[in-house]
Amino acid sequence: MMKTPTKMDFARVEGSRQTREFDFLNSSIIGKLEFYRIDGSDKHIRDIHAILWNKPNLEYREDMEQWIVKRGLADVWANVLKEMT
C-alpha cells in the first residue's frame, strides 16, 4: 500500500501559509480518496465535496491532480467531480 503524501512531497516555499494550506487540504483530499477506495464509505466523498464547496478555487489543484493520477485514484476523482456537477 502506498503511503500518504507528506509535507516534503508537496513542499513549495517552506513555512509559507500557502504551503501549509496546500499540505492540509490537498493531502486531506488524497487521503480521503484512498480511504474511499479501501472501504467505499460515502463519508469520504461527502468530506471531499465539503472541502471543494468551501474552497472551489483550490490552490495547487494541478499538482494535486498529478498526485491523484500517480496514486491510481483518477477514476475515483473523476466520479467525485462528476457528482458535484
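Keep in mind the model is a prediction, meaning the values are calculated, not measured. (Residues numbered from 1 in each chain as written. Predicted model: local features only at pLDDT ≥ 70, side-chain atom pairs only at ≥ 80, totals over all residues. Heavy atoms only, no water.)

### Some details on the packing of helix 3 (residues 42-54) against helix 5 (residues 74-84)
Rules: For helices, the fitted axis covers only the stretch in contact; all axes are lines through C-alpha atoms, and the angles between them, taken along N-to-C directions, range from 0 to 180 degrees. The secondary structure listing takes helices from DSSP runs of H or I that are at least 4 residues long and strands from runs of E that are at least 2 residues long, numbered from the N terminus. Each crossing gets its handedness from the near helix: less than a right angle anticlockwise from the far helix is left-handed, clockwise is right-handed. Any two residues whose heavy atoms approach within 4.5 Å at even a single point are treated as in contact. Amino acid classes used here: Ala, Val, Leu, Ile, Met, Phe, Trp, Tyr, Cys and Pro are nonpolar; Asp, Glu, Lys and Arg are charged; the rest, including Gly, are polar.
Relative to each other, helix 3 and helix 5 sit at 65°, their axes nearing to 11 Å. Crossing angle aside, the handedness with which helix 3 passes helix 5 is right-handed. Contacts between helix 3 and helix 5 involve Ile45, Ile48, His49, Leu52 and Trp53 on the former and, on the latter, Trp77, Val80, Leu81, Glu83 and Met84. When grouped by side-chain class, the residues that make up the contact of helix 3 with helix 5 number eight nonpolar, one polar and one charged.

### Observations regarding the packing of aromatic side chains
Here is the rule: Two rings belonging to Phe, Tyr or Trp (six-membered ring only in the last case) form a pair when the distance between their centres is within 6.5 Å. Interplanar angles under 30 degrees mark stacking, angles over 60 mark edge-to-face geometry, and anything in between is tilted. Definition used: whenever NZ (Lys) or CZ (Arg) falls within 6 Å of the ring centre and also within 35 degrees of the ring normal, the charge is taken to sit over that ring.
Taken as a whole, this structure holds zero aromatic pairs when the rule is applied. When the ring centre of tryptophan 67 is taken as origin, the NZ or CZ atom of lysine 70, which lies over that ring, is 4.9 Å away.

### Re the pattern of salt bridges
Stated formally: By salt bridge we mean one thing: a side-chain nitrogen of Lys or Arg within 4 Å of a carboxyl oxygen of Asp or Glu. Accessibility here uses a 1.4 Å probe with only protein chains present; expressed as a share of the type maximum, an area under 20% marks a residue as buried, one over 50% as exposed, and anything in between as partly exposed.
Within this structure, the stated rule accounts for four salt bridges. Aspartate 47 serves as the salt-bridge partner of lysine 32, at 2.7 Å between the closest nitrogen and oxygen. Of this pair, lysine 32 sits in helix 2 (residues 17-39) while aspartate 47 is found in helix 3, placing the two residues 15 residues apart along the sequence. Given a relative accessible area of 22%, aspartate 47 falls into the partly exposed group.

### A short note on the nonpolar core
Condition: The term nonpolar core refers to a set of buried residues drawn from Ala, Val, Leu, Ile, Met, Phe, Trp, Tyr and Cys, joined through side-chain atoms within 4.5 Å.
Within the largest apolar cluster, 15 residues are counted, with the highest numbers of intra-cluster contacts made by Ile29, Leu33, Ile48, Met64, Ile68 and Trp77. Secondary structure elements with two or more residues in this core: helix 2, helix 3, helix 4 (61-70) and helix 5. Dropping the residues within four chain positions of it, isoleucine 68 is found in contact with Ile30, Leu33, Leu73, Ala74 and Trp77.

### Overview of the confidence of the model for the protein
Applicable threshold: On a range of 0 to 100, pLDDT expresses the predictor's confidence in each residue.
Confidence in the prediction of the protein, expressed as mean pLDDT, is 79, and 74% of residues score 70 or more. Mean pLDDT values for the elements of the protein range from 50 in helix 1 (residues 7-10) up to 92 in helix 3. Scored below 50 in pLDDT, residues 10-16 makes 13 contacts in the model with residues more than four places away or belonging to other chains.

### Details of the packing of helix 4 against helix 5
What describes two packed helices is the angle between their axes and the distance between those same axes. Note the threshold: Angle categories are assigned with fixed cut-offs, so that under 35 degrees is roughly parallel, over 145 is roughly antiparallel, 65 to 115 is roughly perpendicular, and the rest are oblique.
Two numbers describe how helix 4 lies on helix 5: the axes approach to 8 Å, and their chain directions differ by 130°. If you check the angle between helix 4 and helix 5, you find them oblique. Along its contact with helix 4, which presents Arg61, Met64, Glu65, Ile68 and Val69, the element helix 5 presents Ala74, Trp77 and Leu81. Looking at the contact of helix 4 with helix 5 residue by residue, the class counts come to six nonpolar, no polar and two charged.

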